[in-house]
Each structure stands twice: as C-alpha cells, then as structure tokens.
Amino acid sequence: MATPHPSATVHGLAIQEVDDSALPVIHRLNQSIFDEERVINSFNRKGLLMLMASLQDRPVGFKIGYEKQPSVFYSAKGGVLPEARRQGIARALLEEMLVVVEAQGYRRFVFDTFPNKHPGMTILALSMGFSLARADYNHTYQDYRLQLAKEL
Ligand SMILES: CC(C)(COP(=O)(O)OP(=O)(O)OC[C@H]1O[C@@H](n2cnc3c(N)ncnc32)[C@H](O)[C@@H]1OP(=O)(O)O)[C@@H](O)C(=O)NCCC(=O)NCCS
C-alpha cells in the first residue's frame, strides 16, 4: 500500500492509493455498501487505480477506476459506508482521483450512475463541475442511467 496522506477537509480522514492486498477490504466495503458480491467485472484493466478512505484508521469507503480510452479515465465504482456518509468522504475520494489521473495525463474523467437508485453521486458531481454527457435506459438494471463527465 502507498503512504496515506490526510485529507485537508475531514478530520481523521486519510485517502490512500491501494494495491491488490486491499482487495479483501474492498470486497467487504462493497458488500456493505451495495449488498452485492461483484465489485467490478475485471481488475485486469489498464491504468487501474484503487483508492481507499479511512476514518481514524478504519476503512469506510473506496473508489476504483481505470483507463477507458487513451486520455479518458473511467471511474467504475465507489461508495462510503452508510454510517460514515455526509462528512465529505465521497467528495475527498473524487477530488483525489481527479488529481491523480490528471497528473497521469488523462484529459477527461467520466462515470456512469443511476440517479434514481443513488442520487448523491449525481448531486456531488454536478456541484464539482461535471456535466451530463449521456443519458439512457439500462435494461439490465431497469432504470435510467446518466454519464457525467469533466474535462481535466
Ligand atoms: C453517494 C455516496 C458515495 C456519497 O458519499 P458521502 O461520503 O456521503 O458524500 P459526501 O459527504 O462527500 O457528499 C458531498 C455532497 O454530495 C451531495 N450528496 C451526497 N449524498 C447525497 C444524498 N444522499 N442526497 C443528496 N445529496 C447528496 C451533497 O451535496 C453533499 O454535500 P453536503 O453534505 O454538504 O450537502 C454515498 O451515499 C454512497 O456510497 N451511496 C451508495 C453507493 C453510491 O451511490 N455510489 C456511487 C454510485 S455512482
């Protein structure tokens, strides 16, 4: 694991880049947050980046993304434990991911979200300067899906 660095905004919060050794913790967080086994379809992705958020050294959230196309980074999944929400942790994870991938040379950051199921991420992204890039109906999830994007 890389050295964590403290978030400037939330007391006791550290966001750290993690490697495969953190997968058991990510699976546990994913199960608690999304109530599902699958985290993402494959971890064998170019540019895979996994961030973990810990509050007073306790893992409370994660965010995973990878390269979608040259110059485009895709944030595939992320979340925060229910008891740790509305303290700015998702914002800190997103801000850190934006900083890291911009430094890596990506020019555009995108993610898909289901605002009826999880409204918080859409509201957070719009407040951080993302704009709507695509909207469709997903037949697998039987719900409307938005793609939000930000130029870096
Ligand atoms: C969405 C989620 C990641 C937000 O995590 P969080 O740490 O609570 O978010 P933050 O505290 O950083 O929120 C920052 C801002 O986003 C917005 N926001 C976050 N959650 C919100 C919600 N449920 N409803 C409305 N606005 C919300 C608010 O503007 C908030 O600022 P405020 O608290 O000052 O009003 C979390 O609720 C979660 O894990 N949900 C389930 C999984 C999920 O939706 N994942 C993302 C799928 S794309």
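Please refer to the structure higher up on the page.
The structure displayed is predicted, hence computed values, not measured ones.

Q: Is there a simple way to explain the site of the ligand in this structure?
A: Around the ligand, the structure places 19 residues, and the nearest of them are Val 80, Arg 86, Gly 88, Arg 91 and His 118. In this structure, Gly 78 approaches the ligand through a main-chain N or O atom, which is 2.9 Å from a nitrogen atom. Within the contact set of the ligand, an oxygen atom lies 2.9 Å away from a backbone nitrogen or oxygen of Ala 90. Burial of the ligand by the protein chains amounts to 76% of its free accessible area of 900 Å². Taken together, the elements giving at least two residues each to the shell around the ligand come down to α1 (23-34), β5 (72-80), α2 (89-103), β6 (108-113) and α3 (119-127). The greatest single-element share of the shell around the ligand, amounting to 4 residues, is contributed by α3. A class-by-class count of the residues in the shell around the ligand yields 8 nonpolar, 7 polar and 4 charged.

Q: Please explain the environment of Ala 125 as it appears in this structure.
A: For Ala 125, the position within the fold is in helix α3. Through-space distance from the C-alpha of Ala 125 to that of Ser 54 is 21 Å; in sequence the pair is 71 residues apart. Ignoring anything within four residues of it in the chain, the contact list for Ala 125 reads Phe 111, Phe 130 and Leu 148.

Q: Help me understand the environment of Glu 83, please; the structure alone is not making it clear to me.
A: One can find Glu 83 in the loop between β5 and α2. The class for Glu 83 is exposed, based on a relative accessible area of 54%. Separated by 29 residues in sequence, Glu 83 and Ser 54 have C-alpha atoms that sit 13 Å apart. Side-chain polar atoms of Glu 83 contact the side chain of Arg 58, separated by 2.8 Å.

Q: Could you clarify how one ought to interpret α3 in this entry?
A: Since the α-helix turns once every 3.6 residues, residues separated by three or four places project in the same direction. Buried within α3 are the following residues: Met 121, Thr 122, Leu 124 and Ala 125. Buried positions in α3, seen along its axis, are confined to an arc of 165 degrees and lie on one side of it. Where the residues of α3 are buried, they touch β4 (58-69), α2, β6 and β8 (143-151). Gly 129 sits one or two residues past α3 and shows a positive phi near 90 degrees.

Q: Hey, could you run me through α1 in this one?
A: The first and last C-alpha atoms of α1 sit 16 Å apart over 12 residues, in line with the 16 Å expected at 1.5 Å per residue. Within the span of α1, buried status applies to Leu 23, Ile 26, Leu 29, Asn 30 and Ile 33. Taken end-on, α1 shows its buried residues confined to a sector of 120 degrees, consistent with a single buried face. Buried residues along α1 sit in contact with β2 (13-18), β3 (49-55), β4 and β5. Directly after α1, the chain includes Asp 35, whose backbone phi takes a positive value near 55 degrees.

Rules behind the numbers
Residues numbered from 1 in each chain as written. Predicted model: local features only at pLDDT ≥ 70, side-chain atom pairs only at ≥ 80, totals over all residues. Heavy atoms only, no water. Near = heavy atom within 4 Å. Polar contact = N/O pair within 3.5 Å; in protein donor to acceptor, adjacent residues only side chain to side chain. Areas by Shrake-Rupley, 256 points an atom, 1.4 Å probe, with all protein chains shown as cover. Helix = DSSP H or I, 4+ residues; strand = E, 2+ residues; numbered from the N terminus. Nonpolar A, V, L, I, M, F, W, Y, C, P; charged D, E, K, R; others polar. Contact = heavy atoms within 4.5 Å. Buried < 20%, exposed > 50% of the residue type's maximum accessible area, 1.4 Å probe, protein only. Arc of directions from axis to C-beta. Expected span 1.5 Å × (residues − 1).

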